[in-house]
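Coordinates in review
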Amino acid sequence: LHRLRRIGRAMPGLNILLVRDDAENLRAALMLAMTQRALDGEARIFLQMEAVRLIAPPLAAQRDEEHRRAGFPTLAALADEALADGVAIIACQSGLALYAMKAADLDPRIETGGLLSFMAAIGPADRLLSLSKSERDFVHPAFRAGFLVALDRDQFIAQRRRHRAGLAAADGET
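Summary of the structure given here. All values derive from a computational prediction rather than experimental measurement. (Residues numbered from 1 in each chain as written. Predicted model: local features only at pLDDT ≥ 70, side-chain atom pairs only at ≥ 80, totals over all residues. Heavy atoms only, no water.)

**A short note on the overall build of the chain**
If you tally the helices and strands in the chain, you get six helices and six strands. Listed N to C, the secondary structure of the chain is β-α-β-α-α-β-α-β-α-β-β-α in terms of helices and strands. Looking at the chain as a whole, 42% of its 174 residues qualify as buried. When the accessible area of the chain is evaluated, it comes to approximately 9800 Å², of which 55% is carbon and sulfur surface. (Helix = DSSP H or I, 4+ residues; strand = E, 2+ residues; numbered from the N terminus. Buried < 20%, exposed > 50% of the residue type's maximum accessible area, 1.4 Å probe, protein only. Areas by Shrake-Rupley, 256 points an atom, 1.4 Å probe, with all protein chains shown as cover.)

**Remarks on the nonpolar core**
The biggest cluster of nonpolar side chains holds 40 residues, and the ones touching the most others in it are I16, L18, L26, L30, I45, L47 and V87. Among the secondary structure elements, those contributing two or more residues to this core are strand 1 (14-18), helix 1 (23-38), strand 2 (43-47), helix 3 (75-84), strand 3 (88-92), helix 5 (115-120) and strand 5 (127-131). Residues contacting I16, with those up to four places away along its chain left out, are A29, L32, A33, R44, I45, F46, F118, L129 and L131. (Core = buried A, V, L, I, M, F, W, Y, C linked by side-chain atoms within 4.5 Å. Contact = heavy atoms within 4.5 Å.)

**A short note on the pairing of strand 3**
Each regular strand carries side chains that alternate between the two faces of the sheet. Burial of strand 3 is extensive: five of the five residues sit out of reach of the surface. Looking at chain direction, strand 2 and strand 3 are connected through four bridges and run parallel. Its bridge partner lying in strand 3, F46 is registered against I90. In this sheet, strand 4 (residues 111-113) lies alongside strand 3 in parallel orientation, the contact comprising three bridges. Its bridge partner being in strand 4, I90 is matched across the sheet by E111. Regarding topology, helix 4 (residues 93-98) serves as the crossover connection from strand 3 to the parallel strand 4, and that connection is right-handed. (Pairing = 2+ DSSP bridges. Right-handed = clockwise from strand over helix to strand, strands pointing away.)

As far as function goes, none of this settles anything; it's purely spatial.
Right, dumping it as structure tokens:
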């Protein structure tokens, strides 16, 4: 990809969380991450639980032929380009175990890790994005405002605390 230079300020990192086995969400996440890399920013995609099935070999998507006909890359070609460009793709260790997948069977450039390590690596100025098709993808109210949500780490933590406080209050009322 052609590198664009941002003059005078560092680009915050982009961290994308996928929770559904939805190839079009992965395709969108890869394109966002590659755009972030083109702007000289760091980009990571974490595939949590069922989303790890998206990277099971052979990497393919139901709509690949439609994309190919329109002149766009297949999901496998897009993932290969993103990995080559420095996008970090991280497979959830629990998801791998749940679906009896082995890290050794994945592209060797794909990392494995847990949600805790993924979240811990998000810097204070970095952004956390979740792509979803439904508000049911997250119970957390921070993700109900829309289908694409960007929060920095401190906003996410504050939202999570408010959410937990609300749950505790609701439990006390019943």
